[in-house]
Amino acid sequence: MAIKNLGSAGELFPQSVFIIGSYDEAGKPNAMNAAWAGECSRHEICFNIGDHKTTANIVKKGAFTVAPADVTHVAEADYFGIATGNTTDKAAASGMTFTQSEFVDAPVIEEFPLTMECEVTDIQGDEHGARIVGRIVNTRVDESILDDEGRVDFSKMHPIIYDATRRIYRVVGEEVGGAWEAGKAFM
Ligand SMILES: Cc1cc2nc3c(=O)[nH]c(=O)nc-3n(C[C@H](O)[C@H](O)[C@H](O)COP(=O)(O)O)c2cc1C
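Values in this document were obtained by computation on a predicted structure and should not be read as measured data.

Undergrad: Help me understand the sheet that holds strand β5 (residues 63-68), please; the structure alone is not making it clear to me.
TA: Taken together, seven strands build an open sheet; the order of strands is β2-β1-β5-β8-β9-β4-β3 and the sheet is antiparallel. Of all the strands in the sheet, the pair left with one neighbour each is β2 (29-34) and β3 (37-41). Taking the axes of each pair of neighbouring strands and ignoring which way they run, one obtains an average angle of 35° across the sheet. Helix α1 (residues 53-61) rests against β1 (18-23), β2, β4 (44-49), β5, β8 (114-126) and β9 (129-141) of the sheet, and its axis sits at about 55° to β1. Docked against the sheet, helix α2 (residues 74-82) engages β1 and β2, running at close to 95° with respect to β2.

Written out as structure tokens, the structure reads:
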């Protein structure tokens, strides 16, 4: 092996393509793309967010939604990460359907089959940049991506992930082994 040190930028993979939905104080819906985000416990989502319209919205409303983007909405997901709600009505321009969450003061985007509806439990920072933790109040799922036992089946949903090394999106691939199972080969 020939080792090369790449410095402090992490190459942790995969990264999420989470679409974060929020309302501003006038009730206008917005969505942004977040890759530096993840599930920090079974019932919580955390993410790092810069100085964006979404940040100000979440600080004011204390709520947001998270929809993992799927393969049929690559262009819309990327659009939410390159345009800003400060100057554009991204909800209208994307053609996607934003409706009020039943559980929190934030919009859900109907076309995404899976959405976590969250209330903020911790913010380190302010509207100009923050590390935010949200408690999942409800997970909303389209029945078309459930298996026979009522579990979310990602092989039906085809979520996408972000590859920061090339700045591209990839689709989640095949099942390759059982968790808490494959390692038993060494026991
Ligand atoms: C693939 C991708 C991932 C991104 N991840 C993040 C992120 O984790 N945190 C962040 O603050 N901005 C991230 N961005 C940038 C925001 O999505 C972008 O600045 C967006 O315009 C903010 O929208 P808003 O101003 O309407 O809130 C990402 C953009 C892309 C394309």
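Okay, back to it.
Undergrad: Sorry if this is basic, but what is going on with the nonpolar core here?
TA: Counting residues in each nonpolar core, the largest one holds 33 residues, and the members touching the most others are Ile 19, Ile 20, Val 66 and Ile 109. Residues within four places of Val 66 in sequence aside, it is in contact with Phe 18, Ile 20, Ile 45, Thr 115, Met 116 and Cys 118.

Undergrad: Would you take a moment to explain α2 for this structure?
TA: An α-helix turns once per 3.6 residues; consequently, residues spaced three or four apart project the same way. Within α2, burial applies to Glu 76, Ala 77 and Phe 80. For α2, the angular spread of buried residues about the axis comes to 100°, placing them on one side. Exposed residues lying more than 90 degrees from the buried face of α2 are Ala 75 and Ile 82. On its buried face, α2 is in contact with β1, β2, α3 (90-94) and β10 (160-163).

Undergrad: I would appreciate a short explanation of the site of the ligand in the present structure.
TA: In the vicinity of the ligand lie 22 residues, with His 52, Thr 54, Gly 81, Thr 84 and Gly 85 positioned nearest. Of all the secondary-structure elements, those providing two or more residues to the shell around the ligand are β2, β4, α1 and α2. It is β2 that contributes the most residues to the shell around the ligand, four residues altogether.

What counts, and where the lines are drawn
Residues numbered from 1 in each chain as written. Predicted model: local features only at pLDDT ≥ 70, side-chain atom pairs only at ≥ 80, totals over all residues. Pairing = 2+ DSSP bridges. Helix = DSSP H or I, 4+ residues; strand = E, 2+ residues; numbered from the N terminus. Axes fitted to C-alpha atoms, helices over the stretch in contact; angles between N-to-C directions. Contact = placed C-beta atoms within 7 Å. Core = buried A, V, L, I, M, F, W, Y, C linked by C-beta atoms within 7 Å. Buried ≥ 20, exposed ≤ 12 C-beta atoms within 10 Å, placed from the backbone. Arc of directions from axis to C-beta. Near = placed C-beta within 6 Å.

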